[in-house]
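Coordinate inspection notes
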Amino acid sequence: MKLTNPGAVPVYTVAGPSTARPLPDWLARRRKRSSKYDPENLNNFELLQEFEFEEASNCVRVSEDGNWIMSSGTYKPQFHVHSTAELSLSFARHTKSENTTFMLLSSDYTKSVHLQNDRSLEFHTPMGCHYDVRLPRFGRDLAYLRQSTEVLVPAVGVSSDGSGFGEVFRLDLERGQFLRPWQVDVGEDDAGVGLQGGIHAGAVNVAAVAERTHGLCAFGTTIGTVEFFDPRSKGRVAVLGNQDGEVTALDYSNDGLSLALGTSTGQIRVFDLRNPRPLMKKDQGMGLPIKKLIHMRTPTEERKLLSADKRIIKIWDEHSGDLWTSIEPMVDLNDVVHVPDSGMLLTANEGKHMHSFFIPNLGLAPKWCTFLDNLVHEMENETQTETYDNYKFLTLPELRELSLDHLIGKTNLLRPYMHGYFAHAKLYDQARLIANPYIWEEERAKRVKEKLEKERSSRIRGTKKVKVNQKLADKVLQRQENRGKVDPEAGILGDERFAKLFEDEEFKVDELSREFRSLNPSTVVGGKPGQQQDVDMADANSTDFSGSESEEEEEKPKKKSKDEVVMQVSSSTAPRGGKIRDLAFGDRTQKDTRESRLAGKKEIVGEQAITFVPESKKKKQEPPPPRPEGKRRDDGRRSASSNVFRKM
C-alpha cells in the first residue's frame, strides 16, 4: 500500500503493479522474497488472494450485499469469484469464449448473466453454466429490468427491413422467450448487406436504467443521440441529441433526475431530465472514449461524478464542476466499479494484477477490510516523499538545448506535464554532461566561490570597531561565530556596565606586563588574536623557580634548538596562572645532524630528559683533564727503568 496522489485528496494504491509490463513469475517471486524486509515494502500486503488474471481483466462487479466480487478476464477466458469475508478466491470457472460484460441478477453471486463476444448469452449458477442462448447480432452492453425480469441487450447493426433503426433485444427470463425488440435510430446503413449490416453500420452502444426511481431506460447510439424508453408503455418517450461523437457511457443519479453521458471524444455532459441544456460540461483531456461514469456521494453528502477512460480516472465535484482528484494507473483500464458506501475503487485493466484504490475522503473502508482506516491513519503521520523527487522539469527550449526533443511522443522517458516535460534526474545529468563536458568544473568553481563569499560575509558581519582592547572584542566575536550566531551587541560588548572597558584608556590591557603573560602564556605580543607561539616548559619552570636569572632573561627566555625533538617530563607544579601547553611540538622537527645533537644536549634543562635520538653503541671516552703548568707528563707515574739516578 502506497500513497499514489499526495494532493489535497490523497489516493492510496492498495493493490496493483507499479509498472506497465508484468515481471515473469520466477523473477516476481524472487524480488518478493528479497524485498520482504525493506522499509518501503513494510506496508505492502495482498488485499484479495489471487486478485489477478494471466493476461488481462475485462470486467468487475460487486454484489449488492458486499460479500462477493466477480471479475472476468483472459487468457484462457474465465471469471473469478472472490469472497470478501475470507479475502480469498472462492472459485474460478472457464468459458468457451471471451467475456464482453456481465451482470449479477441476484444480491449475491448465485445468478449472473454473461455477454460473450461470440454472440452468445450465458446464465451461470454456483453449479455451472445453467443455460446459454445465441443472439441474432453482436451485443454491446447489458441492462436488467427487475420489475419485469427482462434482460436488455443493445446490439450492433440495423434491422432487417432496412429502416435504419438499430435494435435492443429483450429476453424475458420468467417466460423464457425473446420479446419484440425496441427500435432505436442509429442512422442508415449504406452497404445494407448481410444480417449484421456494413462495416460502418450504426449501433446502440450503451444502456442505463433508473431502476430505483422512475424506471426510464436510456440508450446511447453511435450518432450521438440518447433515446429514452418507458418500460410500461414499451415505446420511445424522448430523444436527446446534438452530442459530439458517439455516446459511450451513461449513468443515472440516485434520485433519477440527472443523467451523465460520456462521448467518444472524451466529453462529459450532465443533464437534468427536465431541461435539454447541460448543467455541466467537462473534458477528460485525453481525447479517448469515456468507458465509465458513476455518481457518488461523500460522507458529508457532497455529490461527485467519476469519469474514466482507458488512461485516467477523474472525480469531479458535480456542484461546482471542479476536479476533485484523479488516478492515473500505469496500465490501460477496461472497467471501474465503486464499492457501495465506501471509498474503495476496483478496476479491471490490462496486465496481470487488478488494481484497488482507496480514497479516505470519499468514504470509510469497506466492512470486510476496516483495517485500512488504521493503516491510512498511521501513514498520514509519516513523512511522504514527493511524486517527482527524482525527476527534473524541462521546457521545450531546454529539451532542445540538451538534444532531447526527439524523444517527445516516442518514449516514456519524458512525461508531459503542463507546459513542459518531466525527465528522470539521471537522464538529465547524462544529457547535460554530454552537451557541456566542463559542467562539473564550472559547478565546482561555483561552489568554491559561494563558500568564499559566505566566509567573507561572515567575517564582515562579525567585526566591531572599539577604541581600546580591540583584540578582546575580536576574541568575543570569534567565540560567537564558533557557536553559529554573531551578535555584536550581545554579551559584554553590548552591556553598559562594561562600556568603559572598550572606551577608556585606563582599562586598556597591558600585554607586556608580567601578570598578562602569566595568564596568557601562548599569546604573541602585538600579533593577531588567536595566534600562538612555541613555549619552552623548561624555560618557564626555570624562570619561576631560579632566582639567579635576571628580569631580562625572564622576559626573553633562551630559545631552544629546533634541530632535536625533545619532550621534557617534570614533576614540578605548573606556574601560577594556568597550564602551559606546548602546541608546536611537530614544528620543531627538522634535519638531524651531529652538531645539532651536541648543541641540543647542552641546552637540556630539567630533572629528566627523554630524547628520540639514538645513541652510539661505542663507548665514548672522556677527554683527559687539562695538565697544570709546570708539571711533567710523567709526574706521578711509575717508572719501568731500574736506574734510580734517571730522575735526577
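Residues numbered from 1 in each chain as written. Predicted model: local features only at pLDDT ≥ 70, side-chain atom pairs only at ≥ 80, totals over all residues. Heavy atoms only, no water.

- Where an unreviewed UniProt entry is consulted, the protein chain appears under the name Small ribosomal subunit biogenesis, with the organism given as Podospora pseudopauciseta.
- According to UniProt, the comment filed for the protein chain under the heading Sequence similarities (unreviewed entry) is "Belongs to the WD repeat NOL10/ENP2 family."
- In the Subcellular location (unreviewed entry) part of its UniProt record, the protein chain is described as follows: "Nucleus, Nucleolus". (UniProt positions renumbered as here; feature names shortened; annotations may be inferred.)

A short note on helix H2 (residues 371-380)
- Buried residues of H2: Leu372, Leu375, Val376 and Met379, and no others. Buried residues of H2 fall within an arc of 100 degrees about the axis and therefore sit on the same side. Facing away from the buried surface of H2 by more than 90 degrees, the exposed residues are Asn374 and His377. (Buried < 20%, exposed > 50% of the residue type's maximum accessible area, 1.4 Å probe, protein only. Helix = DSSP H or I, 4+ residues; strand = E, 2+ residues; numbered from the N terminus. Arc of directions from axis to C-beta.)

Details of the sheet that holds strand S18 (residues 235-240)
- Read from one edge to the other, the open sheet built from 4 strands follows the order S15-S16-S17-S18, with strand pairing classed as antiparallel. Of all strands in the sheet, those with a lone pairing partner are strand S15 (204-209) and S18, marking the two edges. If you compare each strand with its neighbour and ignore which way they point, the axes differ by 25 degrees on average.
- Of the strand pairs in this sheet, S15 and strand S16 (residues 217-221) are connected by 5 bridges, and their pairing is antiparallel. Bridging across to S16, Val204 finds its partner in Thr221. (Pairing = 2+ DSSP bridges. Axes fitted to C-alpha atoms, helices over the stretch in contact; angles between N-to-C directions.)

Quick look at unusual backbone geometry
- Here the residue pair Thr74 and Tyr75 is connected by a cis peptide bond, since its omega of 0 degrees sits within 30 degrees of zero.
- With respect to the helices and strands, the residue Tyr75 is situated in the loop between strand S4 (68-74) and strand S5 (78-83).
- Backbone torsion omega between Tyr75 and Lys76 reads 15 degrees, so that peptide bond is classified as cis.
- Positionally, Lys76 belongs in the loop between S4 and S5.
- For Thr149, which is not glycine, the phi torsion reads 50 degrees and is therefore positive.
- Positive phi values are uncommon outside glycine, yet Met418 reaches one of about 55 degrees.
- Residue placement: Met418 occurs in the loop between strand S31 (414-417) and strand S32 (420-424).

A word on the pattern of salt bridges
- Inspection of every chain in the model, using the stated rule, returns 20 salt bridges.
- The partner of Asp132 in a salt bridge is Lys96, and the shortest N-O contact between them spans 3.7 Å. Pair noted here: Asp132 is in strand S10 (residues 128-134) and Lys96 is in the loop between strand S6 (88-94) and strand S7 (99-104), with a separation of 36 residues, a long-range link.
- Asp132 gets classed as partly exposed once you look at its relative accessible area, which sits at 36%.
- A salt bridge links Lys304 to Glu302; its shortest N-O distance comes to 3.2 Å.
- The class for Lys304 is buried, based on a relative accessible area of 1%.
- The network of salt bridges with common partners includes Arg61, Lys292 and Asp335. (Salt bridge = Lys/Arg side-chain N within 4 Å of Asp/Glu carboxyl O.)

Some details on the environment of Glu46
- Positionally, Glu46 belongs in the loop between helix H1 (25-34) and strand S3 (56-62).
- Separated by 30 residues in sequence, Glu46 and Gly16 have C-alpha atoms that sit 9.4 Å apart.

A word on empty space enclosed by the protein
- Throughout the structure, instances matching the rule amount to 3 cavities of 30 Å³ or more.
- Empty space within the second largest cavity amounts to approximately 50 Å³.
- Around the second largest cavity sit Ser253, Asn254, His295, Met296, Arg297, Arg303, Lys304 and Glu318, which together line it.
- Counting only elements with at least two residues in the lining of the second largest cavity, the list comes to strand S23 (292-297) and strand S24 (303-308).
- Counting residues per element, the lining of the second largest cavity draws most heavily on S23, at 3 residues. (1 Å grid on protein atoms, 1.4 Å probe; cavity = no way out; pocket = protein on both sides within 12 Å on 5 of 7 lines; lining within 4 Å. Points joined across faces, edges and corners; volume = space filled by probe spheres on them.)

Side note on the packing of aromatic side chains
- For the structure on display, the rule yields 7 aromatic pairs.
- Measuring from centroid to centroid gives 5.6 Å for Phe91 and Tyr109, while their planes differ by 55 degrees, and the two rings are tilted. Of the two residues, Phe91 sits in strand S6 while Tyr109 sits in the loop between S7 and strand S8 (112-116), which places them 18 residues apart along the sequence. The pair Phe91 / Tyr109 is uniform in exposure class, with both members buried. (Phe/Tyr/Trp six-rings, centres within 6.5 Å; stacked < 30°, edge-to-face > 60°.)

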